[in-house]
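Structural description and commentary
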Amino acid sequence: MVTVAMAPPKGAPELDALQREGVIFLLRKGFDSLEAVEGPDGMEIELMDDVIAAHPGGVLVKLFVDAPALEFAEDAAREVVAELLERTEPLADWQITRCAVELNSELLQESLDAADGPDAPPSDPAERARRHRAAEPAPPAGRLDPAEVEAMRSRLRSLAPVLAAFPLDCFGHCDDPEKRTVGREAAEIAAGALVFAIDLLVDELFTDLASLEDDGPTVAESDATFMLLDDLPPQFADEYTVLFARRLTVTAVTLTARLTQPRPTRPTCIAEELLLRFLLTQAEVTADLYDLLTEEVSAALEAFADSIEGDLTEDDLDIDPTGAGDWFTPYDDEDFVHPYAANDDEESMQGPSAR
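1. Remarks on the nonpolar core
If you look at the biggest cluster of nonpolar residues, it comprises 71 residues, and the most contacted ones within it are Phe 171, Leu 248 and Trp 327. Of all elements in the fold, only helix 5 (146–159), helix 6 (184–215), helix 7 (242–259), helix 8 (270–289) and helix 9 (295–307) reach the threshold of two or more residues within this core. The element contributing the most residues to this core is helix 6, with 17 residues. Membership of the second largest hydrophobic core comes to 22 residues, among which are Val 4, Ala 54, Ala 77 and Leu 84.

2. Digging into the packing of helix 1 (residues 17–32) against helix 6
Interhelical geometry of helix 1 versus helix 6 gives an angle of 55° and a closest axis separation of 10 Å. On the basis of the axis angle, helix 1 is oblique to helix 6. Relative to helix 6, the crossing made by helix 1 is right-handed. Between helix 1, through Ala 17, Arg 20 and Glu 21, and helix 6, the contact on the second element is made entirely by Phe 196, Leu 200, Asp 203 and Glu 204. Of the residues in the contact of helix 1 with helix 6, the class split is three nonpolar, no polar and four charged.

3. Observations regarding the confidence of the model for the chain
Per-residue confidence for the chain gives a mean pLDDT of 79; residues scoring 70 or more make up 74%. By mean pLDDT, helix 10 (residues 346–350) is the weakest element of the chain at 45, and helix 7 is the strongest at 94. Across residues 103–108 the pLDDT falls below 50, and counting only partners more than four positions away or on other chains, this stretch makes seven contacts in the model.

Cut-offs applied
- Residues numbered from 1 in each chain as written.
- Predicted model: local features only at pLDDT ≥ 70, side-chain atom pairs only at ≥ 80, totals over all residues.
- Heavy atoms only, no water.
- Core = buried A, V, L, I, M, F, W, Y, C linked by side-chain atoms within 4.5 Å.
- Buried < 20%, exposed > 50% of the residue type's maximum accessible area, 1.4 Å probe, protein only.
- Helix = DSSP H or I, 4+ residues; strand = E, 2+ residues; numbered from the N terminus.
- Axes fitted to C-alpha atoms, helices over the stretch in contact; angles between N-to-C directions.
- Parallel < 35°, antiparallel > 145°, perpendicular 65-115°, else oblique.
- Left-handed = near helix turned anticlockwise from the far one by under 90°.
- Contact = heavy atoms within 4.5 Å.
- Nonpolar A, V, L, I, M, F, W, Y, C, P; charged D, E, K, R; others polar.
- pLDDT = per-residue confidence, 0-100.

Next up, the structure:
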């Protein structure tokens, strides 16, 4: 995995929420057009996956690549990102501030075993590191300035009370030391990150809705790149219509509003469970971007997931064989789903292409 950090020119104002989503959209569109990049001597290096996250000071990208050696992966990642920035007009002035392979001893050994020939890196890791430092400028010690990290720490902790439906004991912090699993700060950072992620989640849904309205009628038939709809179960992509996206957006607004009310809540339908998973992922990414995702904060987010009825940490959410239109059906008669989202007109859900 190669981590690439990039930022706008020095002196540029911080990115607001809409600008961050726009930058992610542009980069996602660029990366999705690539399957492989050319490494040294015409070597093909496959791009297997990527994760893009934005913060007020720039963007952090994690590229998962298949390369014969780690050095080749880093060089190719730097080249492809630089080229992508250059050809994307709104990002042409942006700069790469960090590019580094994240590795462990096993990956290092794989790289050593795979690289051969006269240009192979030396077997001694210390010598490899020395040569690499000599060839590349030293990366910054951290992703962000310490003052930015502390500012975000304070901001997230101040947002924690907004998540009124879930007090800190839902994050593993309580008055009883014997039952306490995390400290107050970690619990507050986790809760605040969830609140911070609400804006990002809703903004992504509005952006996806606009894209689908322009390039529909369904996600399956669209050539657009979506921020969130592309992460839904792909087997139902022909059911992700404009009406579906609207229902999902209304559900997100209803759900996140309940999270700020001082009474217990839980997912009331499959759509809400999926949205809570996205919210948790965005909260984790937010904390990670600001170097705040410690083991304690991760444990606090896991405690939150466990405190909700239904296991949000499971990968096999039971949604088969139902169609996407059923995701808005309440689990029981006491569960509330917004009347707009509860519309179960199957003909409208399928859209004109299905008739």
